[in-house]
Amino acid sequence: MDAFGEKRFARSGALFALCAQTVLATWLLSGTRPEFLLPMFAAALVAFALCVAGGIFARDGVFSKTLAFASLFFIIVCAVQYLNPFAEYMVREKFSFLAGRAHVEWLPVSVRAEFAQGNALSSLCALLAAFLSTLAASAFSADRRAMRGLLAFFAVNALLMGAFAVWQQAEKIPMPYGVFHTRAGFYGSFFLSNAAGAYLNMGVAALAACAAAFARRGAAGMAFSAFCAAGAAFASYASVRSESRGAAIICALLWCAILVAAVWRGLARAFGEKISAAAVSLFLFAAGAAAAFCAAEVLEPSDLLSDRQIEESAASRIAIYKSAAPLVKERPVWGAGGECSRYILPMVRKPGAESVAEVPDRPHSDVLEYLLDFGISGAAVLAACGAAWIAQIWKSRRALGFANAVCAAGALSCLAHGAFDMELHIPSTMIAFGLMCVFSFSPFCRGGRREV
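Let me sum up the structure you'll find in this document. (Residues numbered from 1 in each chain as written. Predicted model: local features only at pLDDT ≥ 70, side-chain atom pairs only at ≥ 80, totals over all residues. Heavy atoms only, no water.)

Summed over all chains, the structure comprises 19 aromatic pairs. A ring pair is formed by Y177 and F180, whose centres lie 6.4 Å apart and whose planes are at 70 degrees; its orientation type is edge-to-face. Residue class for Y177 comes out partly exposed when judged on its relative accessible area of 30%. Seen in terms of ring centroids, F190 and Y199 are 5.1 Å apart; in terms of plane orientation they differ by 45 degrees. Their pairing is tilted. Assessed through its relative accessible area of 0%, F190 is described here as buried. Among the aromatic side chains, those forming a connected cluster through ring pairs are W27, F36, F164, W167, Y177, F180 and F191. Over the face of the ring belonging to Y82 we find R112, whose NZ or CZ atom lies 5.2 Å from the ring centre. Stacked on the ring of W394, the Lys or Arg R397 has its end atom at 4.0 Å from the ring centre. (Phe/Tyr/Trp six-rings, centres within 6.5 Å; stacked < 30°, edge-to-face > 60°. Buried < 20%, exposed > 50% of the residue type's maximum accessible area, 1.4 Å probe, protein only. Lys NZ or Arg CZ within 6 Å of the ring centre and 35° of its normal.)

Remark: a regular strand shows side chains that alternate across the two faces of the sheet. With three bridges connecting them, strand 1 (residues 85–92) and strand 3 (residues 110–112) associate as parallel partners. Looking at the pairing, A87 lines up with V111 of strand 3. A loop of two residues connects strand 1 with strand 2 (residues 95–100), the two strands running antiparallel in sequence, and E93 in this loop sits at a positive phi of about 55 degrees. (Pairing = 2+ DSSP bridges. Helix = DSSP H or I, 4+ residues; strand = E, 2+ residues; numbered from the N terminus.)

Here we come to unusual backbone geometry. Although it is not a glycine, E243 sits at a positive phi angle of roughly 65 degrees. Position of E243 among the secondary structure elements: in the loop between helix 7 (218–241) and helix 8 (245–271). Unlike most non-glycine residues, H364 shows phi in positive territory, near 60 degrees. Structurally, the position occupied by H364 is in the loop between strand 5 (357–358) and helix 12 (366–395). On the accessibility criterion, H364 (22% relative accessible area) is partly exposed.

Inspection of the entire model under this criterion finds four salt bridges. Residue D143 is joined to R11 by a salt bridge in which the shortest nitrogen-to-oxygen separation is 1.8 Å. Highlighted residues: D143 in the loop between helix 4 (120–138) and helix 5 (144–170) and R11 in helix 1 (residues 3–27), separated in sequence by 132 residues. Across the pair R342 and E339 runs a salt bridge whose closest N-O atoms are separated by 2.6 Å. (Salt bridge = Lys/Arg side-chain N within 4 Å of Asp/Glu carboxyl O.)

Spelled out as C-alpha cells, the structure:
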C-alpha cells in the first residue's frame, strides 16, 4: 500500500471510529460504569491514533494545540495522583472510612480506591475519551462533507435515543433496556435522567443545525432538512419528558438562542451585521427588562419556589456547595485527585431530614468538582481549553454560518447545565460536548454564512 493509500485508509478508519464513538456515547449507558467507559476510551484512542498515523491531525489550530496540551497535562497529573495516594478508601462491614497513607505532600495526590468506584485512572479514562475524540473530530474540521456526515449521524442517533426514551418511559420498563439494574432515575440509555436531558438538548441543537446545513442541497437535502426540523421538536419533547427541570429550562433557553441566531441571520443579510447587532442587542435588552418587570410585578417570592421538589433540590445543592467549597482551600493547587471528591466530601444533612445525615455522591457542579479533584491548576487548563474554543470560532468566523451558531449554543447548553450538575463528568455527555464544540467552528458549506 502506497503513502496515499495508507492515508486514505487511516482517514476512513478514523471516521469509522468517530461514528462508532457516537453510537457508544448514545447507547452504551452513558459510560458511567467501567464496562461501558472502556469501549469509549478504546474508540477515542483508535480514532486519534489513526489521525496521527495518517498525518491528518490538525496541528495548526489553537483549539487542537490547547486540547493536546491539556491531554498531556492530565496524563501526567493523574499518573502522579494514582502513584501518590494520601488516603485509601476502606469498607468494613457496613461502614466506610479513609485510612491515611504516606505520601509526598507537594505532589498531586489522590485517594486509593477501586477503578469501578472512581479513582485517578478512571477520571483519566473519561477525560481522554472526550479529549481524544474531540481531537480526532477536529482533524476533519476543514472537511465540509465529513463534518456534515458526522453532524447528521450524531443528530439522528440523539433523535433515536429520545424516541427510545419516550417509548421506554411509556412502557414503564423498570430499568435501562430492561436488563441493567440501577437505583437512579434513569431515562432512555442513560443511568441519570439529568445527563440524558443534557444529551438530548445537544441533540436538539444538532438536529436544528442539520436542518440549516442541508436546506439547500437539492430535493434530498430539503427532505432531510424537514425531517431534522421535526426531529428537533420531538427531541425537545423527549428532553422535557426526562423530568429534569434543569434540562427543560435549558431546552427553552436553547430555542430562544436559536431564534435569536435566526433573527440575526435574517437582519444581517438584509441590513448588514452592524445594524443586526444593534437591533438584536436592543431586543435582548428590552426582553430582559420586560421579563424582570413581569417577574417582579406578577410573581410573589414564594411562587418562585412553589414546587416543593424544586425547593428541596435547590436547598440540598446549596448545602452541598457551602460544605464542599471550603475543601478547595485544603489542596488548592492539585486538588484531592481525579474522581476523589466523593471520598472527601463532609457529612451533609439533607434539608428537611430529621436526624439522618447523608454523604453526597458528588458536589453536583462540574466547576466545583474539577476544582476539588484537580485544584486551580486543572481548572486553569480546562479554562484555557474554553478560551481556545472561543478563539478558534473567532478565527474561523468568516467561514461560519447559522448552523455553527446553533451548534455553539448546544455546547453552551451542556456547559450551563453542568454548572449546577455533573454533565461534564459523564463520559457520554463529555464526548457529545466535545463534538458540538468542533461542529461550532467547522464550515458545513462553501461560503459559510452566505450559503448555509
